[in-house]
Amino acid sequence: MVLDNLKDYTVKALVNVVDHLGTVASKLTNLFDQQSYDISTMELRASCVSQQLLTCGTLSVLSDDLNQDRIIAMRQKVVPEHPTTHLLEGTNGQ
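Residue positions are given per chain, counted from 1 along the sequence in the order it is written. Local features are withheld for residues below a pLDDT of 70 in this predicted model, meaning they are given only at 70 or higher, and side-chain atom pairs are given and counted only at 80 or more; totals for whole chains, interfaces and linings count all residues. Only heavy atoms go into the side-chain values, all of them from the structure, while hydrogens and water stay out.

A.B. asks: What am I meant to see in the overall build of the protein chain here?
C.D. replies: For the purposes of this entry, the term helix denotes a DSSP run of H or I that reaches at least four residues, the term strand denotes a run of E that reaches at least two, and both are numbered from the N terminus. What the protein chain contains, in helices and strands, is one helix and zero strands. Here's how the labels work: a residue is buried when its accessible area is under 20% of the maximum for its type, exposed when over 50%, partly exposed in between, all with a 1.4 Å probe on protein chains only. A burial count over the protein chain gives 0% of its 94 residues as buried. For the area figures, the Shrake-Rupley method with a 1.4 Å probe applies, and any residue is considered shielded solely by the protein chains shown. In the form shown here, the protein chain has an accessible surface area of approximately 9200 Å², with 63% of it arising from carbon and sulfur atoms.

A.B. asks: Could you clarify how one ought to interpret a nonpolar patch on the surface in this entry?
C.D. replies: Within this analysis, patches are made of residues with over 30% relative accessible area and no salt bridge. Like charges are joined at 9 Å or less; nonpolar side chains (Val, Leu, Ile, Met, Phe, Trp, Tyr) at 5 Å or less. Within this document, salt bridges are pairs made up of a side-chain nitrogen of Lys or Arg and a carboxyl oxygen of Asp or Glu, the two lying within 4 Å of each other. Among the surface-exposed residues, Leu3, Leu6 and Tyr9 lie close enough to one another that they form a single nonpolar patch of about 390 Å² accessible area. Of note, Leu3 is situated in helix 1 (residues 2-78).

Structure below.
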(Lines give C-alpha, C1' and ligand atoms only; values in the text may rest on other atoms or scores of the structure.)
Protein backbone atom coordinates (compact mmCIF):
# COMPACT_ATOMS: atom_id res chain seq x y z
CA MET A 1 0.00 0.00 0.00
CA VAL A 2 2.78 2.43 0.83
CA LEU A 3 4.53 1.50 -2.39
CA ASP A 4 1.33 2.07 -4.37
CA ASN A 5 0.90 5.52 -2.79
CA LEU A 6 4.55 6.34 -3.46
CA LYS A 7 4.18 5.17 -7.05
CA ASP A 8 1.01 7.29 -7.55
CA TYR A 9 2.68 10.32 -5.99
CA THR A 10 5.75 9.89 -8.20
CA VAL A 11 3.66 9.55 -11.36
CA LYS A 12 1.58 12.63 -10.47
CA ALA A 13 4.73 14.63 -9.67
CA LEU A 14 6.32 13.57 -12.95
CA VAL A 15 3.15 14.52 -14.89
CA ASN A 16 3.11 17.92 -13.15
CA VAL A 17 6.79 18.52 -14.00
CA VAL A 18 6.26 17.58 -17.65
CA ASP A 19 3.15 19.79 -17.80
CA HIS A 20 5.05 22.68 -16.22
CA LEU A 21 7.95 22.27 -18.65
CA GLY A 22 5.50 22.24 -21.56
CA THR A 23 3.88 25.46 -20.30
CA VAL A 24 7.27 27.15 -19.86
CA ALA A 25 8.40 26.00 -23.31
CA SER A 26 5.18 27.32 -24.85
CA LYS A 27 5.54 30.70 -23.12
CA LEU A 28 9.18 30.96 -24.19
CA THR A 29 8.25 30.11 -27.77
CA ASN A 30 5.52 32.76 -27.77
CA LEU A 31 7.93 35.32 -26.29
CA PHE A 32 10.58 34.45 -28.88
CA ASP A 33 8.02 34.74 -31.71
CA GLN A 34 6.83 38.12 -30.42
CA GLN A 35 10.37 39.43 -30.13
CA SER A 36 11.20 38.15 -33.62
CA TYR A 37 8.13 39.95 -34.93
CA ASP A 38 9.13 43.14 -33.09
CA ILE A 39 12.64 42.96 -34.54
CA SER A 40 11.26 42.44 -38.04
CA THR A 41 8.94 45.40 -37.58
CA MET A 42 11.80 47.62 -36.40
CA GLU A 43 13.97 46.51 -39.31
CA LEU A 44 11.16 47.39 -41.71
CA ARG A 45 10.73 50.80 -40.08
CA ALA A 46 14.47 51.44 -40.23
CA SER A 47 14.47 50.44 -43.89
CA CYS A 48 11.60 52.84 -44.60
CA VAL A 49 13.37 55.69 -42.82
CA SER A 50 16.57 54.91 -44.72
CA GLN A 51 14.64 54.96 -48.01
CA GLN A 52 13.00 58.26 -47.08
CA LEU A 53 16.40 59.79 -46.23
CA LEU A 54 17.83 58.57 -49.52
CA THR A 55 14.85 60.02 -51.39
CA CYS A 56 15.19 63.35 -49.57
CA GLY A 57 18.91 63.47 -50.35
CA THR A 58 18.27 62.75 -54.00
CA LEU A 59 15.54 65.37 -54.18
CA SER A 60 17.80 67.86 -52.43
CA VAL A 61 20.56 67.32 -54.99
CA LEU A 62 18.08 67.58 -57.85
CA SER A 63 16.57 70.70 -56.32
CA ASP A 64 20.02 72.28 -55.92
CA ASP A 65 20.84 71.46 -59.54
CA LEU A 66 17.53 72.90 -60.71
CA ASN A 67 18.01 76.07 -58.65
CA GLN A 68 21.54 76.45 -59.99
CA ASP A 69 20.23 76.10 -63.55
CA ARG A 70 17.62 78.76 -62.82
CA ILE A 71 20.24 81.11 -61.37
CA ILE A 72 22.45 80.63 -64.44
CA ALA A 73 19.47 81.26 -66.73
CA MET A 74 18.52 84.40 -64.81
CA ARG A 75 22.10 85.72 -64.96
CA GLN A 76 22.24 85.13 -68.69
CA LYS A 77 19.05 87.14 -69.12
CA VAL A 78 20.32 90.02 -66.97
CA VAL A 79 23.92 90.09 -68.20
CA PRO A 80 24.20 88.90 -71.79
CA GLU A 81 27.24 86.81 -72.63
CA HIS A 82 28.19 88.94 -75.64
CA PRO A 83 27.70 92.65 -75.14
CA THR A 84 25.92 94.44 -77.95
CA THR A 85 27.98 96.82 -80.02
CA HIS A 86 26.80 100.36 -80.44
CA LEU A 87 27.42 102.42 -83.49
CA LEU A 88 28.57 105.95 -82.99
CA GLU A 89 27.01 108.63 -85.09
CA GLY A 90 28.96 109.40 -88.22
CA THR A 91 31.14 106.26 -88.19
CA ASN A 92 29.03 104.51 -90.82
CA GLY A 93 29.47 101.20 -89.06
CA GLN A 94 33.26 101.20 -89.28
